[in-house]
Amino acid sequence: MEAKVTRRKFLQISGATFAGAAIVATSNRVVENAFSLSGRKKGIVKVPSYCSLCFWKCGLIGYVKDGKLWKLEGNPLDPLSKGRLCPRGSGGVGQHYDPDRLKAPLVRISSRGDEKWKVTTWDEALNYSAKKLMEIKDKYGPQSIALFSHGPGGVFLKHTLKAFGVKNITAPSFAQCRGPREVAFELTYGEIVGSPERTDIKNSKCFALIGSHLGENMHNTQVQEFAEAIERGANIIVVDPRFSIAASKAKYYLPIKPGTDTALLLAWINILIEEELYDKEFVNNYTHGFEQLKEYIKPFTAEWAFVETGIEPDLIKETIRELARYKPSSFVHPGRRVNWYGNDVQRIRAIAIVNALLGNWNRRGGFFKPVKMDIPKYPYPPYPEANYEVVYNPNSRFPFAGEEEGLTQGVRSATITGEPYPIKAWVVYGTNLIQTLPNPSETLEAIKKLEFLLVIDVIPNEIAMWADVVLPEAIYLERFDELNISPFRVPFVGIRQPVVPPPHDQKDGWWIARELAVKLGLEQYYPWKHIEEYLKYRVEAAGLSYEQLKKDGVILGNEQPIYVEDGLKLEFPYTPTQKIELYSTQLAEKGFSPFPTYERPPEPPPGYFRLLFGRVPVHTFSMTQSNRILMDMVEENEVWVNSDVAVSLGLSNGEYVRLKNQDGKISNKVKVRVTQRIRPDCVYIYHGFGHTSKSLKRAYLKGASDSELITHYDLDPIMGGTGMNNNFVTFVKE
Ligand code: MGD
Ligand code: SF4
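Residues numbered from 1 in each chain as written. Chains lettered and ligands numbered in written order. Predicted model: local features only at pLDDT ≥ 70, side-chain atom pairs only at ≥ 80, totals over all residues. Heavy atoms only, no water.

1. Observations concerning helix α6 (residues 172-189)
Here's step 1: Over its 18 residues, α6 runs 24 Å from end to end, which matches the ideal 26 Å to within 8%, given 1.5 Å per residue.
Here's step 2: The sharpest bend along α6 comes to roughly 90 degrees, located at Arg-178, with the proline Pro-180 sitting one to four residues further on.
Here's step 3: The buried fraction of α6 is high, at 17 of 18 residues.
Here's step 4: Trailing α6 by a residue or two, Gly-190 shows a phi angle of about 80 degrees, which is positive. (Helix = DSSP H or I, 4+ residues; strand = E, 2+ residues; numbered from the N terminus. Expected span 1.5 Å × (residues − 1). Bend = angle between axes of the 7 residues up to and from the residue. Buried < 20%, exposed > 50% of the residue type's maximum accessible area, 1.4 Å probe, protein only.)

2. Thoughts on the environment of Phe-398
Here's step 1: Residue position: Phe-398 is located in the loop between α14 (344-358) and α15 (408-417).
Here's step 2: Taking the relative accessible area as the measure of exposure, Phe-398 reaches 5% and is therefore buried.

3. Points about the side chain of Arg-538
Here's step 1: Counting through the fold element by element, Arg-538 comes out in helix α20 (residues 531-541).
Here's step 2: Residue class for Arg-538 comes out buried when judged on its relative accessible area of 7%.
Here's step 3: If we ignore the near neighbours within four places in the chain, the residues touching Arg-538 are Ile-375, Pro-376, Lys-377, Tyr-378, Glu-482, Leu-483 and Ile-485. (Contact = heavy atoms within 4.5 Å.)

4. Focus: the confidence of the model for the protein chain
Here's step 1: Put simply, the protein chain has an average pLDDT of 93, and 94% of its residues get 70 or more.
Here's step 2: Here residues 1-39 is a poorly scored stretch, pLDDT under 50, and it has 83 contacts once near neighbours within four places are set aside; other chains count. (pLDDT = per-residue confidence, 0-100.)

5. Considerations on the sheet that holds strand β8 (residues 206-210)
Paired through backbone hydrogen bonds, the strands of a sheet run either parallel or antiparallel to each other.
Here's step 1: If you walk across this open sheet you meet the four strands as β10-β9-β8-β12, and the pairing is parallel. Lying at the two open borders of the sheet, with one neighbouring strand each, are β10 (252-254) and β12 (330-332). With strand direction ignored, the average angle separating the axes of adjacent strands in the sheet is 10 degrees.
Here's step 2: Where strand β9 (residues 235-239) lies against β10, three bridges are found, and the strand directions are parallel. Across the sheet, Val-239 pairs through a bridge with Leu-254, a residue of β10. (Pairing = 2+ DSSP bridges. Axes fitted to C-alpha atoms, helices over the stretch in contact; angles between N-to-C directions.)

6. Looking at the environment of Glu-389
Here's step 1: Following the sequence through the fold, Glu-389 ends up in the loop between α14 and α15.
Here's step 2: Glu-389 sits 221 residues away from Asn-168 along the chain, and the two C-alpha atoms are 8.9 Å apart.
Here's step 3: Leave out the neighbours within four places in its chain, and Glu-389 touches Pro-394, Asn-395, Ser-396 and Tyr-421.
Here's step 4: A polar contact of 2.7 Å, which involves the side chain of Glu-389, links it to the backbone nitrogen of Asn-395. (Polar contact = N/O pair within 3.5 Å; in protein donor to acceptor, adjacent residues only side chain to side chain.)

Okay, here's the thing in structure tokens:
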């Protein structure tokens, strides 16, 4: 019997402090930031900024005690953190003190992947990088250079490379994360869900989480609202093959067979329509294609869905009736990392349609309308014209691929094949492509074809091992960055500014991007010399005080209506029919089914189990396993195995095994966690562990990497996302 997880324990939003173990003395680096760090030697100084331990961007207050970083707390003025950080955010102190951090620019001196480096100066590293990029551009054109960039820090590097003529710019946040969700909602409503999500958990009376494990997936505001929802007795429905923490707080738990969620959603749509539980007025006024949907959905009964999902028909009916009872203050959460099976847009379209039938768009307790502070852009000169097709989506193979974030794996395959044209250089900012992209052997194959690989990171992660030049960035607590103007419940702007200086020869991302631009002959794209000139320009152009922003960390705008109940007009100007498209005219036009389709997922080979993976509350992707504070909390991942399966295979709790996948790939050793909290047909591990970079001394070979077992992936034909959940593993005893 497992210990009951209390709400208090699972939240743990507290201020972790760091006792300051092996703190390396501050170098004699000149702090270029205009933000003065002098006068901070004695006593406690508080500096507001915003977090980057994930991309929720919570406002924080950094405490500096006697000149040293002491602790981090939420900024009470900030609408995202509301004065509290999640455990990762509090533990961000450990990133500053991490002894494994990249400390100075490095140039490779032996074969790629050998981890042999020469420490060099910034001037030399940037001159060399600029020379290589110019040579490659001259020889193969700007289209042969690709930028992978993840997170707000990459803004300036993107600017430099766009000015250099580079158009092949991608981020894993689309094809490996939330792309299908944004495409599905845009097709249906003409608007994306966005980040932070516009789900109104705060006011909802009933909501369903489908594979969205809030509480383990620690997006701060959502988790705070989720905890409040539990406390005020909201009716929560959790659909997950694993009895997650969210499931333990739910009124209904549906232990669904993995990969069959669309069947459940189709049955829910069927019941809403057959039992006339949908919001008739809303559907009549605001949707397109209801009559066709009514015909289409007839075969998808609860009894049909039972065969696919393993969920009893009565439970299917009861849960959708519950959602309908509380409409419009109820919703089905659209999820976040939703690239599962390669038909994910269709699944999320089904979620969008259930919500439309509940009439909850821009309604209190459903989806609110996010509002954003109007901050003018900086007046840069226009970028040079880049008259070439992006490499990752030749002939628009994926008609709804993201234009902003592109297709990471598309750049990778073009690098391997040279089709539609060769890619010769990668610039990689803040993304550990070896762990992020499915099938790392393809990533390595691509890297071997490159003439130049430049990595900008804060720790010597796996991708840095393969780089020709590694540039060490100052961490988010040590630098300025772009403003945070995320759309949310109230318009706001947040600033990132250094709480402490970097301890070694690390530099701010904006500085690296600017210096590289200067060396590439692009100085005209940086009329400002220091980022504060840029920030000040934008903030003051919006009629706000830059000094106040620096002092408070955040400035709130005027409240605006975010619900129909507050006078917001319901409009859908961005879909072709100017209605919510239950029938997707755009999908039909491109030859796809205009209504969500269900495909039965492949079964595991005999003796194998479906490999599922997800987030652990105290880590973010593969980027936090070097942080000592967070590693003290969770040092390695475990593989969750159903108790009956464990008995039949003779596996015991805490025993180390290796996982072997359907293609014979064998993982690092990983501890078994025997539990009744998972279905017998799948196993589950936390993502981000199993590091193979020897320079990550604390994280090296701790736990298993899910990514290396994902040798198979299915591409979503609509937008090119990589469905990564069709891999199967068996156990190899140690
Ligand atoms: P990480 O793997 O954590 O995230 O994938 P990535 O964006 O690649 O790598 C982040 C890198 O950024 C690390 O090397 C870290 O050290 C570096 N970094 C951290 N802070 C800074 C900084 O301030 N400056 C710089 N320059 N570098 C920094 C995430 C992606 O992965 C996403 S969004 C999702 S949702 C997917 N999740 C996922 C999964 O759950 N499982 C599997 N198998 N694959 C996944 N891929 C996707
Ligand atoms: Fe930082 Fe946590 Fe907020 Fe993410 S959710 S930005 S890690 S405090």
